[in-house]
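Residues per chain, in single letters:
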Amino acid sequence: MQFEEKEITVREIKSNSVISKTNLPTGDYCVNPYTGCIHACKYCYASFMNRFSGHNEPWGSYLDVKTWPCILNPKKYDGKELIIGSVTDPYNPFEEKFERTKRLLLELRGTNAKITIITKSDLVARDLDIIKNFPNICVAFSINTLDENFKNDMDSAVSIERRLRAMKTFYENKIRTACFISPIFPQITNVQAIMDTVIHQCNFIWLENLNLRGEYKAKILKYIAERYPELVPLYDEIYRKNDNQYWVELAAELQNFCKDRGLIYVVDNGKLVRPFNEPPVVVNFFYHSKIKQSAKRRKD
Ligand code: SF4
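About the thresholds
- Each chain carries its own residue numbering, running from 1 in the written order of its sequence.
- This being a predicted model, a pLDDT of at least 70 is required before a residue's local features are given, and a value of 80 or more before pairs of side-chain atoms are given or counted; all residues contribute to the totals for chains, interfaces and linings.
- Any two strands with at least two DSSP-identified bridges between them are counted as paired.
- By the criteria applied, helices consist of DSSP H or I runs no shorter than four residues and strands consist of E runs no shorter than two, each listed in order from the N terminus.
- Whenever a helix is involved, its axis is fitted only over the stretch in contact; in every case the axis is a line through C-alpha atoms, and angles between N-to-C directions fall within 0 to 180 degrees.
- For our purposes the nonpolar core covers buried Ala, Val, Leu, Ile, Met, Phe, Trp, Tyr and Cys residues that link as a set through C-beta atoms within 7 Å.
- Counting other C-beta atoms within 10 Å of a residue's C-beta gives its exposure: the residue is buried at 20 or more, exposed at 12 or fewer, and partly exposed in between, where C-beta atoms are placed from the backbone.
- An automatic or database domain assignment provides the domain bounds reported here.
- We call two residues in contact when their backbone-placed C-beta atoms lie within 7 Å.
- By convention, orient the strands away from the viewer: a clockwise path from the first strand over the helix to the second makes the crossover right-handed.

S.K.: Any details on the sheet that holds strand β3 (residues 29-31)? Residues and values, ideally.
M.R.: The nine strands are arranged β2-β3-β6-β7-β8-β9-β10-β12-β11 in an open sheet whose pairing can be described as mixed. Strands with a single pairing partner mark the edges of an open sheet, and in this sheet they are β2 (19-21) and β11 (264-267). Going across the sheet, the axis of each strand differs from the next one's by a mean of 25°, ignoring polarity. Here three bridges tie β2 to β3, and the two strands are oriented antiparallel to one another. Along β3, the bridge assignment pairs S20 with C30.

S.K.: Mind laying out the nonpolar core, listing which residues take part and the relevant values?
M.R.: Residues V31, L82, C179, I181, I205 and L207 are the most contacted members of the largest nonpolar core, which totals 54 residues. Split by domain, this core shows at least three residues from each of two domains, domain 1 (10-115) and domain 2 (136-300). Here C179 is in contact with F141, I143, M167, I194, V198, C202 and I205, once residues within four sequence places are set aside. Core analysis: the second largest hydrophobic core is formed by ten residues, I38, C44, W59 and M154 among them.

S.K.: With reference to specific residues and values, describe the pairing of strand β10 (residues 204-209).
M.R.: A regular strand places its side chains so that they alternate between the two faces of the sheet. Burial analysis of β10 places five of its six residues in the buried class, which makes it a mostly covered element. Examined bridge by bridge, strand β9 (residues 176-184) and β10 share five bridges and lie parallel to one another. Each residue of the ladder has a partner; that of F180, found in β10, is W206. In the classification by handedness, the crossover that spans β9, the intervening helix α7 (residues 191-198) and the parallel β10 is right-handed.

S.K.: How would you explain the pairing of strand β5 (residues 62-67) if you had to name every residue and give the values?
M.R.: Taken across its six residues, β5 has five buried, putting it largely inside the fold. Relative to β5, strand β1 (residues 9-14) runs parallel, the two sharing six bridges. Each residue of the ladder has a partner; that of T9, found in β5, is Y62. One ladder, built from two bridges, connects strand β4 (residues 34-35) with β5; its direction is antiparallel. Residue pairing across strands places Y34 opposite V65, the latter belonging to β5.

These values are about where atoms sit, not about what they do.
Below, the structure written as structure tokens:
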């Protein structure tokens, strides 16, 4: 199942600022040089942006290219955590032409901001020489499968092979990289196989489970029914009956797997940074409060 060919509406818009304060626990500021994202991932949580950006078109079919006044006093971001690409892909294919993310990095050059770039594209390698100059930066590649067919069903971004190659290039250039295994699809995402693939080319492995809410819940469940009918009972348990047992068991398995591989495994703690050549730190961002409650209920 592939996405249908569709037209993309691209327009340039003026924005007062490209950097916004955030309440997210993972950063102080979100930075999104674009509104919308043409990678059109079927599970995209950012699709709620339609409500705020005044777009009626389907998520994935439009892209607003932001222009902003030059960032005054970029040094004020020293020591602050900036997430580039929280609700868009900063290296979507139109970045090649508009270079908004490149401009952003050039404006922030010379700061000591703690920057995380999240992308599904190898276009980020174009800016390697700029990125190299930031003392505190991490390039995170989202990879939730090694199966290119499943990837093609889910998103229009570049192949997994290209993402892995780009990750390696950054790592070999001594730039910290993360493999963001997100979202983990129950019984489809082979987390251990992905970890084994990236273990020697990243500094962090972040794990996040598939969360279904909003409009895309029905879309994903329909896809599972069509392509993986044998998984329907499991998905019903998790997403219709809110049973977290699958995640409890997967978290335990992954913890053991990390132990076997000599990897540090932490929960909800993205702050642990180790010397560059140490094996990656695995961070579990599952819904632990819920999982713990569920486990406790079962024990009782
Ligand atoms: S790349 Fe990220 S922002 Fe873009 S559609 Fe996919 S999940 Fe959403």
